Each structure stands twice: as structure tokens, then as C-alpha cells.
Amino acid sequence: MFLRKFIKSINPYANSMQKKALGDICSEEDFRRILELERERVERNRHIFSLLVLDTKVINGNNDAIGNTTKKIICRMRKIDQIGWYDSERIGILLPYPPFQGACELAESICNSLGVPMLESACKVYVYPTE
């Protein structure tokens, strides 16, 4: 019990990680904090991160479809990747370290597994820092 409280005190995202492990995704507020933390890490360590943003409208946006989609995405993610609500209609996937091409390949793979064409409006890929 003490260890759990200690971890929560040094890791404000511990609850988010537990939710993700159960199949949920981070709230928009938690995901924004995680993005900010990663941005600071990038600036300190001089690496990059990619952000995939998937519009839930292309997957019929209902709770069942979104739940199935997030399960498929989580199966494809590495342990260091993060998934959360980017805003009320889009899911964000934070990928530390991959080059733009690697992030695009993952986005295309996710879209293919969902039966969604890889369109600019369906899934966007961003890289930080930009070149």
C-alpha cells in the first residue's frame, strides 16, 4: 500500500497508466500533461516524438466502435507509447523516438487494421520538434 502511494506521489500519471492497462485511454487533461512532459524530455535529451491523431468520426464514433478501436491500437503499441483523448473527437497516440516515416507506417497499419483508408483527415502524423 505504501509503495502504491509513493509511486503516485512521484508519478502523477500512475492512475492513467493503470486505466490504459485495463483497456481505457487517458483523459484529455492527462494526455495533455503527458504530451507536455514528453516535450520537455525532448528538449532536454535532444530526441524526437511523433503524435498520431485519429478522428473518431471515421470509425463511427460510438462507444463500442471506439472501445474496439482502442483495443486494436493498444495491441500495436510499445510499452513506452501513450494513448489518450486529444480532444473530444480525436484520439492521440504519443510515440517517443520514431522518425516521421516510422510513425506514418504505424498510422497506416492502424488505419488498415480498422478498415479505414489512410486519409489526411482520418489520421494525422505530427513530429516534435519540427524540422
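Residues numbered from 1 in each chain as written. Predicted model: local features only at pLDDT ≥ 70, side-chain atom pairs only at ≥ 80, totals over all residues. Heavy atoms only, no water.

A.B. asks: Could you clarify how one ought to interpret the sheet that holds strand β3 (residues 90–96) in this entry?
C.D. replies: The strands that make up a sheet are held in pairs by hydrogen bonds between backbone atoms, and each pair lies either parallel or antiparallel. Across the sheet, four strands lie side by side as β2-β3-β1-β4; this open sheet has antiparallel pairing. Every interior strand has two partners, whereas the edge strands, β2 (82–87) and β4 (123–128), have only one. Between one strand axis and the next, the sheet turns by 25° as a mean value, whatever way the strands run. Relative to β4, strand β1 (residues 49–55) runs antiparallel, the two being bridged by six bridges. Of the residues in β4, the one forming a bridge with Leu51 is Tyr126. Relative to the sheet, helix α4 (residues 63–76) contacts β1, β2 and β3, its axis offset from that of β2 by approximately 140°. Helix-sheet contacts for helix α5 (residues 100–114) involve β1, β3 and β4, and the interaxial angle to β4 is about 160°. (Pairing = 2+ DSSP bridges. Helix = DSSP H or I, 4+ residues; strand = E, 2+ residues; numbered from the N terminus. Axes fitted to C-alpha atoms, helices over the stretch in contact; angles between N-to-C directions. Contact = heavy atoms within 4.5 Å.)

A.B. asks: Quick question: what am I supposed to make of the pairing of β1 here?
C.D. replies: Side-chain positions along a regular strand alternate between the two faces of the sheet. Among the seven residues in β1, seven count as buried, and that is most of the element. With burial as the criterion, each face of β1 is covered, one bearing Phe49, Leu51, Val53 and Asp55 and the other bearing Ser50, Leu52 and Leu54. Strand direction decides the pairing type here: β1 and β3, joined by seven bridges, are antiparallel. Across the sheet, residue Leu54 finds its bridge partner in β3, namely Ile91. (Buried < 20%, exposed > 50% of the residue type's maximum accessible area, 1.4 Å probe, protein only.)

A.B. asks: Honestly, the side chain of His47 in this entry has me stumped. Any pointers?
C.D. replies: With respect to the helices, strands and loops of the structure, His47 is situated in the loop between α3 (28–45) and β1. By relative accessible area, which is 11% here, His47 ends up buried. Within polar-contact distance, the side chain of His47 engages the side chain of Glu38 at 3.1 Å. (Polar contact = N/O pair within 3.5 Å; in protein donor to acceptor, adjacent residues only side chain to side chain.)

A.B. asks: Hey, could you run me through the pattern of salt bridges in this one?
C.D. replies: Opposite charge on two side chains permits them to pair, given that their charged atoms come into close proximity. Going through the model one piece at a time under the given rule, you end up with eight salt bridges. Between Arg33 and Glu29 there is a salt bridge, with the nearest N and O atoms lying 2.2 Å from each other. Highlighted residues: Arg33 and Glu29, both in helix α3, separated by four residues, approximately one helical turn. For Arg33, a relative accessible area of 33% corresponds to the partly exposed category. Taking relative accessible area as the criterion, Glu29 reaches 52% and is therefore assigned exposed. (Salt bridge = Lys/Arg side-chain N within 4 Å of Asp/Glu carboxyl O.)

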